[in-house]
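# Understanding the architecture of this molecule
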Amino acid sequence: MNPDGPFPVEALAALPEDRRTTVLRRADPRWRRAVSAMSTLYGARADAEDLPLRVAMRLADAVSERRDDLWHLDAERERTPDWFLKPDMLGYSTYVDRFADDLRGLTDRLDYLTELGVTYLHLLPLYPTQPGDSDGGFAVANHRAVHPRLGSEADLVALSKALRARGISLGLDFVLNHTAEAHPWAQAAQQGNQRFRSFYLTFEDRSLPDQYETTLTEVFPSTAPGHFTWNEALQRYVWTTFYPFQWDLDWTNPQVFEAMLDTALWLANVGGEVLRLDSAAFLWKRLGTDGRNQPEVHLVLQAFRALLGIVAPGVLLKAEAIVAAREVVPYFGRQHAPGCDLAYHNTLMASLWYGLATGDPTLVERTISQTMPPSVPSTTWATYLRCHDDIGWWPLIVELGAEADARLAEVAAFYAGERPGSFAWGRSFQSQEGDAHGTNGMLASLVGLQRALEITHPTERALAVARIRLLHGLLLGLPGLPVLYMGDEIGLGNDPAEAARQADGRWLHRPRFPWSHVHRRLDPATPEGQVWSTLRTLISHRRAQPALHSEVAAAVVPMAAPSVVAIRRSPNAGAPLLILGNLSSEERTIDDLPDRFATSTDVLSGVPFDGWLPPYHIVWLTSDD
Ligand code: GLC
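Structural notes, computed from the coordinates. Small disclaimer: the values here were computed from a predicted structure and weren't measured.

## Side note on the site of the ligand
Surveying the vicinity of the ligand reveals 13 residues, the closest of which are D135, D278, E320, H388 and D389. Contact with the protein chains hides 96% of the accessible area of the ligand, taken as 310 Å² for the molecule alone. Of the residues that constitute the shell around the ligand, the class distribution is 3 nonpolar, 4 polar and 6 charged.

The following block contains the structure:
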């Protein structure tokens, strides 16, 4: 494979002249980057010699199939590459069926998302799945089709067009680490097809698996311990990082690379504008390591970034790598080898929850100083407080040092309501004695709103709403594309009945959207109304602040008052903003404001700031000068 070879123009022969010219323009320097990555990954394999040509043919097919509206959108995105870094971006993540039954139902509900201010909608996996338990749709039986229960490919395309018409970008899951056991590839492998057996990592006995397992760490230690599953039909062990019915793909096989590239191109051509790279950290395995974040993972993603950029430069890649922040940063790539455009900032998310439970801002501050914004141009964090998964505590272990396990176990116990004074109604997830793995629960339950309503305690209720305001005020004030989780905008609580029906505790926070009482959001006397108007205020102020563009630096300002996080955003043009958030249940007085903000006004309330921060209060200050 020659990384310096030109793009094989012969692959483009059937394309109309204008598209051919555009592809060749975009291919420089992307093609060189892609072939360089592919040759490092696969150069030693005899079956990969013509990989570049085969890939070029696939790109050409995808270009010819790309609809005109998407082709024009790509051109627009090339003109405004910071489109997703602007402060008017707001994400929302949901399961299709939990929100609106199916794709058509969802298409009918878009007014609600528009009213909230959503500009990016991430839909959790909507593909055909393993029958029975499917790990919430992440055991995919066909990556290029819609689950019949949710609709058809035509419905998905129609939804993407309806979203685009409203200025909302569609995000789709790209589950690239594994397939369901029920996937035709895994089925063919079990019927003896050697080509498809080589799509997976299988072992005739336990000797290699045992060696790997000495350094691998568990994802589901309680419900799916171990990384290997014996398969009767194959008479071999299969690598299954997650549940036994999720078979890890063998990315050392160039045919897997090609097949998954086809999937990415399909997702782009049905209208996906953001591809969420599920479990990206696990793609490449290496003996003697924890099997995450191997250098080859980054090469695969850099190759995908470059190749997708030739066909669909408007499409973003979003890494889901739930590992320590310093291990996530490389997912953005480097200036001359771009990787993902977005990456989930799970360390920020977990640090915010840690800070709320302990009142200690150190972790939040350190995370902001060390990682925000990312240093690669035109990239940013996907920031969030809750999602369909648990709050994973383990990425904080490296941050907390020697006492990490004990401190995280305390915080997990706090959110499970097992500590005196705890306001939370969450539950621990996959945790064993002394080892805090994760915490489940909806935001409203974790901040104490559900409990306050149950015990009908108005002060507790006000405090819970203040915590929601504080967490979102920080999130929306930091660099990143903030993604809300379905229901959090109206303070929707846990669904213990669903959790009891399912084997996986994460269903505690996958409730059905309560359309029957969503109208209460417009009544300020209701909890729904209080949470909704709180978030709407933050969202509309964020849109209007040039200081909150993702590329504007976020500087942590040391403050004398304990438990107060202070972040300064100073744009090149426009007024700077000082964000002060009180993580504690006690009031604080600020008397060391930076000179520039000595007389300032809180833009959220419109009131001049007098230095007083009630419990959990947050202000966004602009200087009066
Ligand atoms: C990701 C998903 C999670 C799923 C796992 C395996 O982490 O967010 O829900 O269980 O991947 O696909």
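## Some thoughts on the side chain of K318
The topology assignment puts K318 in strand β10 (residues 316–319). A polar contact is formed between the side chain of K318 and the side chain of Y344, at a distance of 2.8 Å.

## Here's the deal with the sheet that holds strand β2 (residues 120–123)
One closed barrel holds the 8 strands; their spatial order is β1-β2-β3-β9-β10-β13-β14-β18, and the pairing between them is parallel. Between one strand axis and the next, the sheet turns by 25° as a mean value, whatever way the strands run. Relative to strand β9 (residues 274–278), strand β3 (residues 169–175) runs parallel, the two sharing 5 bridges. Directly across from V175, in β9, lies its bridge partner D278. This element, helix α11 (residues 254–269), spans β3 and β9 of the sheet and lies at about 165° to β3.

## Re the environment of V219
Relative to the assigned elements, V219 resides in the loop between α10 (207–213) and β6 (228–231). Relative accessible area serves as the criterion here: at 14%, V219 is assigned to the buried category. V219 sits 23 residues away from F242 along the chain, and the two C-alpha atoms are 6.4 Å apart. Once residues within four sequence positions are removed from consideration, V219 is found in contact with T241, F242, F282, R292 and H437.

## Examining the packing of aromatic side chains
Evaluated as defined, the whole model comprises 38 aromatic pairs. With a centroid separation of 5.0 Å and an interplanar angle of 70°, the aromatic rings of W185 and F199 are classed as edge-to-face. Of this pair, W185 sits in helix α8 (residues 184–190) while F199 sits in the loop between α9 (194–197) and β5 (202–203); the two residues are 14 residues apart in sequence, bridging distant segments of the chain. Assessed through its relative accessible area of 13%, W185 is described here as buried. Judged by relative accessible area, which is 0%, F199 ranks as buried. By the ring-pair criterion, three or more aromatic residues cluster together here, those being Y92, F99, Y112, F513, W515 and W532. Over the ring of W239 we find K285, and its NZ or CZ is 5.2 Å from the ring centre. We note R521 situated over the ring of W532; from NZ or CZ to the ring centre the distance is 5.2 Å.

## Quick word on the nonpolar core
In this structure, Y92, W251, W353 and W393 are the most contacted members of the largest nonpolar core, which totals 187 residues. Membership of the second largest hydrophobic core comes to 14 residues, among which are V564, A566, L578 and L613.

Conventions adopted
Residues numbered from 1 in each chain as written. Predicted model: local features only at pLDDT ≥ 70, side-chain atom pairs only at ≥ 80, totals over all residues. Heavy atoms only, no water. Near = heavy atom within 4 Å. Areas by Shrake-Rupley, 256 points an atom, 1.4 Å probe, with all protein chains shown as cover. Nonpolar A, V, L, I, M, F, W, Y, C, P; charged D, E, K, R; others polar. Helix = DSSP H or I, 4+ residues; strand = E, 2+ residues; numbered from the N terminus. Polar contact = N/O pair within 3.5 Å; in protein donor to acceptor, adjacent residues only side chain to side chain. Pairing = 2+ DSSP bridges. Axes fitted to C-alpha atoms, helices over the stretch in contact; angles between N-to-C directions. Contact = heavy atoms within 4.5 Å. Buried < 20%, exposed > 50% of the residue type's maximum accessible area, 1.4 Å probe, protein only. Phe/Tyr/Trp six-rings, centres within 6.5 Å; stacked < 30°, edge-to-face > 60°. Lys NZ or Arg CZ within 6 Å of the ring centre and 35° of its normal. Core = buried A, V, L, I, M, F, W, Y, C linked by side-chain atoms within 4.5 Å.

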